[in-house]
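Descriptive structure summary
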Amino acid sequence: MNPEKKIKLAVWKLTSCDGCQLQLINAEDRFLSIAGVVEFARFPEGFRNVARGRYDISLVEGSVTTPRDARLVQQIRRQSRVVVAMGACATSGGIQALRNFSDAGKWMRMIYPSPGTIDILKKSTALSDHIHVDHELRGCPINPDQLIELIAACRQGRKPNLPTHSLCQECKRMGYICVTVASGVPCMGPVTQAGCGAICPAVGRGCYGCFGPCDTANTRALHEVWQRQLEVPVDDIRRAFRGITAWATPFRRESERR
Ligand code: SF4
Ligand code: SF4
């Protein structure tokens, strides 16, 4: 990107809860550090004015769940130099992808008085199932520090420093006591991607995998340790993999294993 010009940033929403966009607003103090190099050209949740594309970076929140989402992602790709999938919804399908395991029509008929007015695709899926994605920011919600690092890297023309290894390494580096070894707490850290700052183990609770699978996720081994050593019922293990990032392939396969 031209270092003489401000980065033209666009923020888009597909099917999502807006939590990742709120992280941008919550991180305004950290955005001050890059305020001079970024122009929020399109961020309807934060600013009234919308500048037309083409955009240098598009941050996309949400999963592709409706026909409108499917059309919009194609438009975003055409209008953007760099596309970033932002958060668990955009990178794995998110919590709404739980319906992929079931008959969504049946649930809609049970819950809504007029299910015929709801227009959804057969599955709720990640952005990368539809278009080329340049970078992913994991988490539910994202870690704003990772977003700042990503924008800085794009500006400097380098690869962003976004870890793909497991959360266990993050815990070790920060000196946290392992909740599984010390207290027998089931923790998905060994199969989950680092980047959140290990905020759940820091307070003594197990990770539930909101950053999705790490690059070496041995889900089978974790399943066996939970079952044999921690005596976690198999149904609970399946439910643990079937959480916020259930449609990410390693977690989906483990939750479907018989
Ligand atoms: S990843 Fe989580 S916080 Fe972000 S939009 Fe999806 S549900 Fe909300
Ligand atoms: S410890 Fe796990 S569940 Fe908690 S924020 Fe980090 S990745 Fe998400």
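Residues numbered from 1 in each chain as written. Chains lettered and ligands numbered in written order. Predicted model: local features only at pLDDT ≥ 70, side-chain atom pairs only at ≥ 80, totals over all residues. Heavy atoms only, no water.

Some points on the packing of helix H9 (residues 219-229) against helix H11 (residues 249-256)
- The N-to-C vectors of H9 and H11 enclose an angle of 45°; their axes lie 10 Å apart at closest approach. It follows that H9 is oblique to H11 by the angle criterion. Viewed along their axes, H9 and H11 form a crossing whose handedness is right-handed. Between H9 and H11, the contacting residues are Thr219, Arg220 and His223 on the first element and Pro250, Phe251 and Glu254 on the second.
- In terms of residue class, the contact of H9 with H11 is made up of two nonpolar, two polar and two charged. (Axes fitted to C-alpha atoms, helices over the stretch in contact; angles between N-to-C directions. Helix = DSSP H or I, 4+ residues; strand = E, 2+ residues; numbered from the N terminus. Parallel < 35°, antiparallel > 145°, perpendicular 65-115°, else oblique. Left-handed = near helix turned anticlockwise from the far one by under 90°. Contact = heavy atoms within 4.5 Å. Nonpolar A, V, L, I, M, F, W, Y, C, P; charged D, E, K, R; others polar.)

Looking at the site of ligand 2
- Around ligand 2, the neighbouring residues are Leu167, Thr192, Cys196, Ile199, Cys200, Pro201, Cys207, Tyr208, Gly209, Cys210 and Phe211.
- Among the residues making up the shell around ligand 2, the classes are represented as nine nonpolar, two polar and no charged. (Near = heavy atom within 4 Å.)

A few points about the environment of Pro67
- Here Pro67 shows up in helix H3 (residues 67-79).
- Remark: the alpha-carbon pair of Pro67 and Asp119, spanning 52 residues in sequence, is separated by 7.3 Å.
- What Pro67 contacts, discounting residues up to four positions off in sequence, is Asp119, Ile120 and Leu121.

Side note on unusual backbone geometry
- With omega at 20°, the peptide bond leading from Gly53 into Arg54 counts as cis.
- Residue placement: Arg54 occurs in the loop between strand E2 (38-42) and strand E3 (55-61).
- Along the chain, Cys140 connects to Pro141 via a cis peptide bond; the corresponding omega equals 5°.
- By secondary structure assignment, the location of Pro141 is in the loop between strand E5 (135-137) and helix H6 (144-156).
- The phi torsion at Asp18 lies on the positive side, around 80°, for a residue other than glycine.

Focus: the sheet that holds E5
- What the five strands build is an open sheet, ordered E2-E1-E3-E4-E5; its pairing is parallel. Looking along the sheet, the strands with just one partner apiece sit at the ends: E2 and E5. Each strand axis lies, on average, 30° off the axis of its neighbour in the sheet, ignoring direction.
- Taken together, the three bridges between strand E4 (residues 80-86) and E5 define a ladder with parallel strand orientation. Bridge assignment links Met86 to a residue of E5, and that residue is Leu137.
- Sheet contacts for helix H1 (residues 19-26): strand E1 (7-13), E2, E3 and E4; angle to E3, the most-contacted strand, approximately 125°. (Pairing = 2+ DSSP bridges.)

Some words on the nonpolar core
- Of all hydrophobic cores here, the largest spans 23 residues; its most connected members are Leu24, Phe31, Ile57, Leu59, Leu147 and Ile151.
- Elements with a minimum of two residues in this core: E1, H1, E3, E4 and H6.
- Per element, the largest residue contribution to this core is five residues, and it comes from H6.
- Non-local contacts of Ile151, meaning those with residues more than four positions away in its chain, are made with Ile7, Leu9, Phe31, Ile34 and Val38.
- Judged by nonpolar contacts, the second largest core, of 20 residues, contains Val179, Met188, Ala198 and Ile244. (Core = buried A, V, L, I, M, F, W, Y, C linked by side-chain atoms within 4.5 Å. Buried < 20%, exposed > 50% of the residue type's maximum accessible area, 1.4 Å probe, protein only.)

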